[in-house]
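# Residue-level structural notes
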Amino acid sequence: MGQISKYLQRTEVILVISSILVLSFAGIYNPNAFSPENLSYMLRWYGIFTLLALGELVVLLTGGLDLSVGSLTAFYGVIFAILCAYYNVNWVLALFMVIGLSIIIALWHSFFVNIYSPPLPSIVPAFLITLTSYIIFREGDTYYAKNGTTGEIEFSGTDASQVIQSAINALWSSRGRIVIMSGIYEISSTLIPPLTGGYGYHNWFIIEGSGSVELKWTGDANGKIFGSNDATKYCDRFMLKNVKLNGNGLANGVDIVNLVYSVLEGVIADNCTIGFYIHSSSGKIANENRLVNCIAKSCDIGFQIGDGTYEANKNELYYCMSYNHNNYSIFLYGAKWTYIIGGDYSDAGIAAVYVHGTDDRYSESNFFIGIYTEGANPEISLGAKSKYTYF
């Protein structure tokens, strides 16, 4: 018994046992945790996360903290794809070019860390702002919004839309984070994130789910779960994470006009008219948004970028999935410089990928890299108003 007790106290054994307990709890709490779909995504990301973790470990051991790991990894992937697909650079040479670029950026970071470590006081507020938050939860038929800083219940009611929107409005100017606890929330009116007159200089506004969170549309037809119709405003630096949007066959999932510099990660749009719709209005833009590991299923259109008239440029999809749609998995309508990297878009009623434009705005210079479209008929459809599309 003494040997067994000593063996169980070893760090690696404790980690293995903890991992088994966590996975077991996940399987019991969420039956979909070990579904083939979820396991395939987990295995796909194990390799890259292991490499990222090893790199971050070196930084942590020296007492530092590198917050650029994720963004730089995505940046290097895009550069590699552009070199191969657009400039026809041999993949081996492109690989060494990207490695060289990463070394230059690493040296640049090291230079400033050595000179300005610890971080300057002026950097601190950007991190502290994320501490201001609301926690949304449900007890019976009542929804509550608790201030994460003071611990006070500031908003409550039987309408989840009003409670969540009240929390959003309270953070409209200061920005911050809203955490929605596990549960099903019936949404009867559109949730509108903070809107601004400009873009590129605001703090992040984050809404994320904790556990299994479903926002189910119960409003009228032609609705939007997250959306905005204000053609004069931008939605800048908005992040939506780990929530399921159930359109109930009546609403779009995410349909925010003039969305810029924003991130949607781990969002599921189910039974929506359009799962994810990125577009702009006259004189505005809907540019440089990033969708990561998002899923659209059982919609009319999974992902639509552009409305055929106004600007929707430099948007990116990474390892998303789209299936069981009536029309298209991906519809690029007057979109430019779109990067769609990895993912499964094979199951669609009309075409997996449809690229089209209008006389006012062509779809051009769009890149599809490593996507799976087999099984759709046709897999890819290029309209007359499209050019410079790369697969």
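Keep in mind that what you see is a predicted model, and the values were worked out from it rather than measured.

Before going further, it helps to examine the packing of aromatic side chains. Inspection of every chain in the model, using the stated rule, returns 17 aromatic pairs. Here the aromatic rings of F205 and F238 are separated by 6.2 Å at their centres, their planes lie at 25°, and the arrangement is stacked. Residue F205 is located in strand β5 (residues 205–217), and its partner F238 is located in strand β8 (residues 238–241); the two are separated by 33 residues in the primary sequence. Residue F205 shares its accessibility class with F238, and that shared class is buried. With a centroid separation of 5.0 Å and an interplanar angle of 15°, the aromatic rings of F367 and Y390 are classed as stacked. Within this pair, whereas F367 is found in strand β22 (residues 363–369), its partner Y390 is found in strand β24 (residues 386–390), the two being separated by 23 residues in sequence. Overall, the relative accessible area of 1% leaves F367 in the buried class. In textbook terms, an aromatic cluster arises when at least three aromatic residues are bridged by ring pairs, as seen for Y328, F331, Y333 and Y354. The ring of Y362 is capped by K387, whose NZ or CZ atom sits 5.3 Å from the centre of that ring.

To continue, consider the confidence of the model for the protein chain. Per-chain confidence: the protein chain averages 85 in pLDDT, with 88% of residues scoring 70 or above. Between residues 116–132, whose pLDDT stays under 50, and residues either more than four places distant or in other chains, the model counts 12 contacts.

With that settled, the discussion passes to the side chain of N313. On the secondary structure map, N313 appears in the loop between β17 (301–305) and β18 (316–323). The exposure class assigned to N313 is buried, which follows from its relative accessible area of 13%. Discounting residues that sit within four places of it in the chain, N313 has contacts with A286, N287, E288, K336, W337 and R361.

Taken in spatial order, the 7 strands make up an open sheet running β6-β10-β14-β17-β19-β21-β23, and their pairing is parallel. Two strands bound the open sheet, and with one partner strand each, they are β6 (223–228) and β23 (380–382). Looking at each pair of strands side by side, their axes are set apart by 10° on average, direction ignored. Direction of pairing for strand β19 (residues 328–333) relative to strand β21 (residues 351–356): parallel, over a ladder of 5 bridges. Bridged to Y328 within β21 is A351.

Its volume calculated, the second largest pocket comes out at about 460 Å³. Around the second largest pocket, the lining comprises 18 residues; the ones closest to its centre are Y261, E288, R290, K314 and E316. Within the residue set of the lining of the second largest pocket, elements represented by two or more residues are α4 (69–85) and β18. When its residues are assigned to classes, the lining of the second largest pocket shows 10 nonpolar, 3 polar and 5 charged.

Our next topic: the pairing of strand β10 (residues 251–257). Counting buried positions over the 7 residues of β10 gives 7, a clear majority of the element. As judged from the 5 bridges shared by β6 and β10, these two strands associate in the parallel manner. From the neighbouring strand, S228 faces β10, where its bridge partner is I256. In this sheet, strand β14 (residues 274–279) lies alongside β10 in parallel orientation, the contact comprising 4 bridges. When the bridges of β14 are listed, V257 appears paired with H279.

Another point: unusual backbone geometry. Phi at S298 takes a positive value of approximately 55°, unusual for a residue other than glycine. If you trace the backbone, S298 turns up in the loop between β16 (295–297) and β17. A relative accessible area of 27% means that S298 is categorised as partly exposed. Unlike most non-glycine residues, W337 shows phi in positive territory, near 55°.

With that settled, the discussion passes to the nonpolar core. Grouped together as the largest cluster of nonpolar side chains are 58 residues, with contacts concentrated most on I178, L215, F226, L240 and F276. Ignoring anything within four residues of it in the chain, the contact list for I178 reads Y134, I136, A167, I168, L171, F205, I206, I207 and E208. Ranked by size, the runner-up nonpolar core spans 8 residues in total, among them A74, V292, Y318 and F367.

Turning to helix α7 (residues 160–170), a few remarks are in order. Regarding α7, the residues found buried are A160, S161, V163, I164, Q165, A167 and I168. Contacts from the buried residues of α7 go to β1 (133–139), β2 (142–147), β3 (153–157), β4 (176–187) and β5.

Our next topic: the pairing of β3. As defined by bridge partners, β2 adjoins β3 across 4 bridges and the pair is classed as antiparallel. Looking across to β3, one finds that Y144 is bridged to S156. In this antiparallel pair of consecutive strands, β2 and β3, the connection spans 5 residues, and G151 shows a positive phi of 80°.

Before going further, it helps to examine the side chain of S346. Residue position: S346 is located in the loop between β20 (339–344) and β21. We classify S346 as buried; its relative accessible area is 14%. Within the structure, the side chain of S346 is placed 2.8 Å from the side chain of D344, a separation counted as a polar contact.

Definitions and limits used
- Residues numbered from 1 in each chain as written.
- Predicted model: local features only at pLDDT ≥ 70, side-chain atom pairs only at ≥ 80, totals over all residues.
- Heavy atoms only, no water.
- Phe/Tyr/Trp six-rings, centres within 6.5 Å; stacked < 30°, edge-to-face > 60°.
- Helix = DSSP H or I, 4+ residues; strand = E, 2+ residues; numbered from the N terminus.
- Buried < 20%, exposed > 50% of the residue type's maximum accessible area, 1.4 Å probe, protein only.
- Lys NZ or Arg CZ within 6 Å of the ring centre and 35° of its normal.
- pLDDT = per-residue confidence, 0-100.
- Contact = heavy atoms within 4.5 Å.
- Pairing = 2+ DSSP bridges.
- Axes fitted to C-alpha atoms, helices over the stretch in contact; angles between N-to-C directions.
- 1 Å grid on protein atoms, 1.4 Å probe; cavity = no way out; pocket = protein on both sides within 12 Å on 5 of 7 lines; lining within 4 Å.
- Points joined across faces, edges and corners; volume = space filled by probe spheres on them.
- Nonpolar A, V, L, I, M, F, W, Y, C, P; charged D, E, K, R; others polar.
- Core = buried A, V, L, I, M, F, W, Y, C linked by side-chain atoms within 4.5 Å.
- Polar contact = N/O pair within 3.5 Å; in protein donor to acceptor, adjacent residues only side chain to side chain.

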